[in-house]
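So the chains spell out like this:
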Amino acid sequence: MIIGAFRKSDIGNFNRKGVGMNKEIRIGRHVITKDSPTFIVAEMSANHNMDFGRAVAILQAAKDAGADAVKIQTYTADTITLDSDAPCFQITQGTLWDGITLHKLYQTAYTPWEWQGKLKEAAEDMGLEFFSSPFDFSSVDFLEELHVPAYKVASFEITDIPLIRKIAGLGKPVIMATGVARLSDIELAMRTCREAGNEDVILLKCTSAYPTPYRDVNLRTIPSMGETFDCITGLSDHTMGGAVAGAAVALGAKMVEKHLTLRRADGGPDSAFSMEPEEFKEMVDQIRIIEQSLGRVTYDLTPGQTREREHSRSLFIAQDMKAGELFTPENVRSIRPANGLHTMYYEELLGKRAAADVKKGTPMSWDLVDFGKNRE
């Protein structure tokens, strides 16, 4: 089967064409591996509503909620699209933004560039990592001047190969969302990074719908994507609530990105599908619980389980018995606790005789069995 310019079999063998992507990626003070805590990113996007003080408040809310990083977007309306009313520039795809042009949307949604250095400084003072999604060469150059620790390639830019090549060539971690990508698009983007000498790539499963219906998320793609492209994977999530993010972590996601606002009721281009701080904190707490509960593959018992095993079932004398009396279902039973013989010997004991008088409640043992007498 041909997918784009590539054979499906070739894409499936991507991780055998080289040594694979790096499995230890550093973003600022955080190292992301298959065994590390999930790297949790709060996406500010347009939720600042063109108010710098609100933007700083979102940074603080992200910190208080347990995020590891805040991500913004670096573009202007003129760097991301054209000011045109032509049909192809109209938003008509059944989104929250239908009825306006791309240029008008981005005029209200962009983060002023003069804020971004100040926001980075404020975030780092709070102990947060701070990086951005650039949307053209000029925004990459601008972010390099700010010394961001990583770059995010937004879903709609995964087909912009010159942009990816420029970002990858900087030698910093590249995080790529796959919200509108076909399999061949992902392969080409990953190959572009590798050819640029950059193997610090994280792929994020993403569905570009705002908000995303749960039925469209397809989280099982996450482990498949990690195996196919031999890389660290994560989730860029636009569903409501934190359940999908928690499930993604259970499936191996090592990065989770969710939009954060102060209050959805405040409005803004992205507010309708953004989390409020209390919701974000609940999601982070649930992810940390999930990480603990995933543990490792083991059939060993914990000390607590070993103690509790004392209350499992075993064989006991259920009635007072005289020496020579037959063991029957009435006087030998499988009950709790575990002090007697294993229940696997139940049928073997039936029909044998007691070796001595024995009281009800006595744990069954082989010493109580007279093996010298025949069954009746």
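To keep things clear, this report deals only with the structure shown in the data block. Owing to the predicted nature of the structure, the values given are computational and were not obtained by experimental measurement. (Residues numbered from 1 in each chain as written. Predicted model: local features only at pLDDT ≥ 70, side-chain atom pairs only at ≥ 80, totals over all residues. Heavy atoms only, no water.)

### A word on the overall build of the chain
Then step 1. Of the regular secondary structure elements, the chain holds 13 helices and 16 strands.
Then step 2. The C-alpha radius of gyration of the chain comes to 31 Å, more than 25% above the 21 Å expected for a compact globule of 376 residues.
Then step 3. The principal-axis extents of the C-alpha atoms in the chain amount to approximately 100 × 45 × 40 Å.
Then step 4. Within the chain, the fraction of its 376 residues that count as buried is 49%.
Then step 5. For the chain, contacts bridging at least 24 residues in sequence account for 67% of all contacts bridging at least 6.
Then step 6. Of the roughly 18400 Å² of accessible surface on the chain, a fraction of 51% belongs to carbon and sulfur atoms. (Helix = DSSP H or I, 4+ residues; strand = E, 2+ residues; numbered from the N terminus. Rg over C-alpha atoms; globule rule 2.2 N^0.38 Å. Buried < 20%, exposed > 50% of the residue type's maximum accessible area, 1.4 Å probe, protein only. Contact = heavy atoms within 4.5 Å. Areas by Shrake-Rupley, 256 points an atom, 1.4 Å probe, with all protein chains shown as cover.)

### Structural notes on the side chain of Thr212
Then step 1. Residue placement: Thr212 occurs in the loop between β10 (201–206) and α9 (221–229).
Then step 2. Thr212 gets classed as buried once you look at its relative accessible area, which sits at 5%.
Then step 3. A distance of 2.6 Å separates a polar atom in the side chain of Thr212 from the backbone oxygen of Ala209.
Then step 4. Excluding its chain neighbours within four sequence positions, the residues that come into contact with Thr212 are Thr207, Val217, His238 and Thr239. (Polar contact = N/O pair within 3.5 Å; in protein donor to acceptor, adjacent residues only side chain to side chain.)

### Here we look at the packing of aromatic side chains
Then step 1. In total, this model carries seven aromatic pairs according to the counting rule given.
Then step 2. Three or more aromatic residues joined by ring pairs make a cluster, and in this case those are Tyr75, Tyr106 and Phe135.
Then step 3. Over the ring of Phe137 we find Lys166, and its NZ or CZ is 5.3 Å from the ring centre. (Phe/Tyr/Trp six-rings, centres within 6.5 Å; stacked < 30°, edge-to-face > 60°. Lys NZ or Arg CZ within 6 Å of the ring centre and 35° of its normal.)

### Some words on the state of the cysteines
Then step 1. This structure, assessed with the given rule, holds zero disulfides.
Then step 2. You can see Cys231 has no disulfide; the closest cysteine sulfur is in Cys193, sitting 10 Å from it. (Disulfide = S-S within 2.5 Å.)

### Some thoughts on the side chain of Thr233
Then step 1. As for its position among the elements, Thr233 is in strand β11 (residues 232–237).
Then step 2. When sequence neighbours within four positions are dropped, the list of residues in contact with Thr233 reads Ile202, Leu203, Ile222, Met225, Gly226, Gly252, Ala253, Lys254 and Met255.

### As for the nonpolar core
Then step 1. Counting 39 residues, the largest nonpolar core has Met176, Met190 and Met255 as its most contacted members.
Then step 2. Take this core: its biggest share by element is five residues, from helix α7 (residues 161–168).
Then step 3. Ranked by size, the runner-up nonpolar core spans 36 residues in total, among them Ile40, Leu219, Ala253 and Ile290. (Core = buried A, V, L, I, M, F, W, Y, C linked by side-chain atoms within 4.5 Å.)

### So, the packing of α7 against helix α8 (residues 183–195)
Then step 1. As a packed pair, α7 and α8 sit with axes 8 Å apart at the nearest point and diverge in direction by 35°. In this structure, α7 meets α8 at a crossing whose hand is right-handed. Across the interface between the two elements, Ile161, Ile164, Arg165 and Ala168 from α7 touch Leu188, Ala189, Thr192 and Cys193 from α8. (Axes fitted to C-alpha atoms, helices over the stretch in contact; angles between N-to-C directions. Left-handed = near helix turned anticlockwise from the far one by under 90°.)

### Considering the environment of Pro211
Then step 1. The residue Pro211 is located in the loop between β10 and α9 in this model.
Then step 2. Sequence separation of Pro211 and Ser36 is 175 residues, and the distance between their C-alpha atoms is 29 Å.
Then step 3. Ignoring anything within four residues of it in the chain, the contact list for Pro211 reads His238, Met240 and Phe273.

### A look at the pattern of salt bridges
Then step 1. Evaluated as defined, the whole model comprises 20 salt bridges.
Then step 2. In this structure, Lys172 engages Glu144 in a salt bridge whose closest nitrogen and oxygen atoms are separated by 2.7 Å. Residue Lys172 is located in the loop between α7 and β9 (174–177), and its partner Glu144 is located in helix α6 (residues 137–146); the two are separated by 28 residues in the primary sequence.
Then step 3. You can call Lys172 buried: its relative accessible area is 17%.
Then step 4. Between Arg288 and Glu291 there is a salt bridge; the shortest N-O distance is 3.0 Å. Highlighted residues: Arg288 and Glu291, both in helix α11 (residues 277–294), separated by three residues, approximately one helical turn.
Then step 5. Residues joined by salt bridges that share partners form a network here, namely Asp68, Arg288 and Glu291. (Salt bridge = Lys/Arg side-chain N within 4 Å of Asp/Glu carboxyl O.)

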